[in-house]
Amino acid sequence: MAKRVGIEVSLAIAEAAKLANTDVVAAYPITPQTHIVEHLAKLVADGELDAAYIPVESEHSAMSACLGASATGARTFTATAGQGLELMHEVLYVASSMQLPIVMAVANRALSSPLSVWGDHSDVMAVRDTGWIQIFVENGQEAVDNVLCAFRIGEDPKVLLPVMVHLDGFYLSHVIEPVLFPEQSLVDKFIPPYKYPMPLHPDKPVTMGAFGPPIIYTETKKAQEVNLRASKEVILQCWAEFGKTFKRHYSPIESYRTEGAKVLLLTMGSFSETAMTAIDRMREKGKEVGLVRIRLWRPFPFEEFRQAVSNAETIVVVDRALSFGGPVGPVCSEVRSALYDEKQKPKVVSFVAGLGGRDITPAGFEEIVNRGIEISQKGSENEFEIFGVRG
Amino acid sequence: MTKPESEFTWKDLEIGGIVAEPGNASQYQTGDWRSQRPILDTDKCIKCGLCYIFCPEGCIEQNAEGYFEANLFYCKGCGICARECWVKAITMIPEEE
Ligand code: SF4
Ligand code: SF4
């Protein structure tokens with residue numbers, strides 16, 4: 001029987017990596033991700049997880065070690081956050097273009113300066129185009145479930161791509177939540193053994209990440225782009241299968257109380273749970289508003305997104321990162337672009353909020369929605385607004 | 001490689017652009033951006049092999065008569081062999097086209 005335990009979400013993620021029978025962990029501790037790798041180190045040291053734990057001197061080395069491990073056919077896990085994700089940056093592209101299905105939990109954190117260990121999505125947005133599959137989770141259970149799914153999705157022979165599981169730093173990483181851990185035997189069945197088709201092995205030498213002159217580089221990138229987009233099918237199948245086995249259901253775009261709603265709030269990550277409370281309160285007051293949450297950030301689920309917002313007249317997007325000097329918040333940019341060719345385009349209003357650990361309360365979300373409605377009717381001289389900023 | 005790179009479509013590539021055939025770098029023509037080529041004067045050459053040692057491309061080989069010759073499939077035309085040859089037996093001449 002699956003057992004429900006009260007556990008810090010970071011530790012739960014480490015336990016999920018253990019349930020998945022991870023072979024190699026190479027990681028560097030950084031707040032707010034530290035407890036994940038700390039717990040994995042303990043599980044390995046205590047002999048509870050038969051894996052190689054590689055302590056490295058930086059995140060750049062962590063991801064590099066993960067490349068090598070994954071290329072030999074080892075199931076590979078790591079975790080990082082904020083500046084650490086930035087230090088990994090160039091290696092992230094190598095992992096996706098060499099098609100190595102590393103799974104990484106990212107405890108989303110703001111970027112310096114000023115130094116901030118607190119949460120927002122600046123780190124995520126900086127790695128948006130690295131070619132990784134990227135999934136957002138909103139609570140501890142979703143984190144555990146999606147770490148398991150990430151292995152199955154990434155290692156699928158039709159996919160072979162690295163997967164990031166994004167969880168909000170502190171808001172999620174450091175809270176204690178009730179989590180239902182699936183049974184080992186079911187997990188073993190759910191995640192088949194990892195078999196890389198062309199692993200690094202002396203018996204059959206291969207070259208990975210070779211030199212690609214102009215005559216071939218474009219073809220490699222086209223193949224990569226087609227592959228990432230096509231992975232959505234496998235992601236959908238994986239979540240469907242997960243639902244059947246474990247009775248918890250996930251989809252690329254998730255809607256909450258959107259029936260009859262002309263105004264939709266759009267969020268990503270754990271703030272969505274606060275936003276739900278705000279939607280409940282507004283519904284009680286008779287306002288026809290709903291919430292749409294993006295779970296699958298890459299590949300972006302265009303079809304599902306357009307479907308989810310097809311009846312909306314106004315979409316109020318809350319970004320937790322800035323695109324300095326750019327159009328609007330990064331998520332809002334994509335949402336607008338996804339709707340540009342639609343015949344009936346809703347108004348799309350952009351807010352940036354929750355930067356560097358600044359809270360957004362249910363009342364805050366209500367205020368955002370009301371201001372969003374006002375902007376959609378009267379317009380605004382600003383491309384977007386930063387909610388709650390003083391002055 | 002079964003066919004030249006110029007004929008590969010994106011669908012023909014191995015996963016992750018893996019090169020599955022070991023040693024096929026030898027089929028890669030590195031000599032195609034050469035702007036000058038080395039010409040050997042066999043009257044001056046003393047067959048010492050210094051050019052062979054210095055060539056960064058490793059493309060100089062000793063032929064049946066004992067002379068050291070550049071393989072133009074790989075020679076990049078850097079001129080290091082001409083510079084290092086102590087009897088000035090190698091001259092660099094511009095590639096025409
Ligand atoms: S260095 Fe000059 S002399 Fe010596 S082998 Fe080469 S060409 Fe001949
Ligand atoms: S020109 Fe350069 S590459 Fe060509 S044979 Fe001489 S040393 Fe080698």
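Remember, predicted model here, so these are calculated numbers, not experimental data. (Residues numbered from 1 in each chain as written. Chains lettered and ligands numbered in written order. Predicted model: local features only at pLDDT ≥ 70, side-chain atom pairs only at ≥ 80, totals over all residues. Heavy atoms only, no water.)

Moving on, we come to the packing of aromatic side chains. How two aromatic rings sit relative to each other is set out by the distance from centre to centre and by the angle between their planes. Within this structure, the stated rule accounts for 14 aromatic pairs over all chains. Both rings, one in W297 of chain A and one in F300 of chain A, keep their centres 6.1 Å apart while their planes meet at 75°; by these two values the pair is edge-to-face. Neither residue differs from the other here; W297 of chain A and F300 of chain A are each classed as buried. Grouping aromatic residues by their ring pairs yields a cluster made of F190, W239, F242, F246 and Y250 of chain A. Against the face of Y340 of chain A rests K345 of chain A, its NZ or CZ located 5.2 Å from the ring centre. It is K47 of chain B that lies over the ring of Y67 of chain B; its NZ or CZ is 4.6 Å from the centre. (Phe/Tyr/Trp six-rings, centres within 6.5 Å; stacked < 30°, edge-to-face > 60°. Buried < 20%, exposed > 50% of the residue type's maximum accessible area, 1.4 Å probe, protein only. Lys NZ or Arg CZ within 6 Å of the ring centre and 35° of its normal.)

Below, the discussion takes up the pairing of strand β13 (residues 314–319) of chain A. All names here are of chain A. Counting buried positions over the 6 residues of β13 gives 6, a clear majority of the element. Here β13 shows no split at all, with T314, V316 and V318 on one side and I315, V317 and D319 on the other all buried. Summarising the sheet, β13 and strand β14 (residues 347–352) pair through 6 bridges and their orientation is parallel. From the neighbouring strand, V317 faces β14, where its bridge partner is S350. On the question of chirality, the crossover connecting β13 to the parallel β14 by way of helix α11 (residues 330–339) is right-handed. (Helix = DSSP H or I, 4+ residues; strand = E, 2+ residues; numbered from the N terminus. Pairing = 2+ DSSP bridges. Right-handed = clockwise from strand over helix to strand, strands pointing away.)

Residues and elements named next belong to chain A. Taken as a whole and assessed by the stated rule, the structure comprises 25 salt bridges over all chains. For the salt bridge of K232 with E303, the shortest nitrogen-to-oxygen distance reads 3.9 Å. Here K232 is found in helix α8 (residues 214–246), whereas its partner E303 is found in helix α10 (residues 302–308), with 71 residues between them in sequence. A residue is classified by how much of its surface remains accessible, and K232, at 10% relative accessible area, is buried. On the basis of relative accessible area, E303 is assigned to the exposed category, the value being 60%. A salt bridge links R298 to E334; the shortest N-O distance between them is 2.7 Å. Pair noted here: R298 is in strand β12 (residues 296–298) and E334 is in helix α11, with a separation of 36 residues, a long-range link. Taken together, the salt bridges that share partners define one network made up of E138, E142, E254, R293 and R295. (Salt bridge = Lys/Arg side-chain N within 4 Å of Asp/Glu carboxyl O.)

With that settled, consider the interface of chain B and chain A. In this complex, chain B contributes 14 residues to the contact, which on the side of chain A involves 22 residues. Taken over both partners, the interface formed by chain B and chain A buries close to 1500 Å², and the fraction arising from carbon and sulfur atoms is 73%. Three residues, W10, I15 and I18 of chain B, lead the burial of chain B against chain A; their summed loss comes to 38% of the area buried on that side. Linking chain B to chain A there are 0 salt bridges. (Contact = heavy atoms within 4.5 Å. Buried area = accessible area lost by both parts, 1.4 Å probe.)

With that settled, the discussion passes to the side chain of S10 of chain A. All names here are of chain A. For S10, the position within the fold is in helix α1 (residues 9–19). By relative accessible area, S10 is classed as buried at 0%. Side-chain polar atoms of S10 contact the backbone oxygen of S173, separated by 2.8 Å. (Polar contact = N/O pair within 3.5 Å; in protein donor to acceptor, adjacent residues only side chain to side chain.)

Residue and element names in this part refer to chain A. For the pair α1 and helix α6 (residues 140–155), the least separation of the axes is 9 Å and the interaxial angle reads 25°. By the criterion of interaxial angle, the relationship of α1 to α6 is roughly parallel. Of the two possible hands of crossing, α1 and α6 adopt the one that is right-handed. Across the interface between the two elements, V9, A12, I13, A16, A17 and L19 of α1 pack against G140, A143, V144, V147, L148 and F151 of α6. Looking at the contact of α1 with α6 residue by residue, the classes come out as 11 nonpolar, 1 polar and no charged. (Axes fitted to C-alpha atoms, helices over the stretch in contact; angles between N-to-C directions. Parallel < 35°, antiparallel > 145°, perpendicular 65-115°, else oblique. Left-handed = near helix turned anticlockwise from the far one by under 90°. Nonpolar A, V, L, I, M, F, W, Y, C, P; charged D, E, K, R; others polar.)

All names here are of chain A. In this model helix α9 (residues 271–284) runs 20 Å from its N-terminal to its C-terminal C-alpha over 14 residues, within 8% of the 20 Å that 1.5 Å per residue would give. Those residues of α9 that sit buried are F271, S272, A275, M276, A278, I279, M282 and R283. Mapping the buried residues of α9 onto a view down its axis gives an arc of 165°, with all of them on the same face. (Expected span 1.5 Å × (residues − 1). Arc of directions from axis to C-beta.)

Looking now at the domain arrangement of chain A. The parts lose accessible area when they come together, and the size of an interface is often stated as this lost area. All names here are of chain A. Here chain A is partitioned into domain 1 (3–246) and domain 2 (253–386). Domain 1 and domain 2 are separated by 28 Å when their C-alpha centres are compared. Taken together, the 31 residues of domain 1 in the interface contact 29 residues of domain 2. Its largest share of buried area at the contact with domain 2, domain 1 owes to E138, Y171 and K232, together 29% of the area lost on that side. In this assembly, domain 1 and domain 2 are joined by 7 salt bridges. A salt bridge links R295 to E142, with the nearest nitrogen and oxygen atoms 2.9 Å apart. Between domain 1 and domain 2 we count 16 residue pairs in polar contact (both at pLDDT 80 or more) in total. Those elements that place two or more of their residues in the side of domain 1 that touches domain 2 are α5 (122–126), β6 (133–136), α6 and α8. No other element matches the 7 residues that α8 contributes to the side of domain 1 that touches domain 2. (Domains from an automatic or database assignment.)

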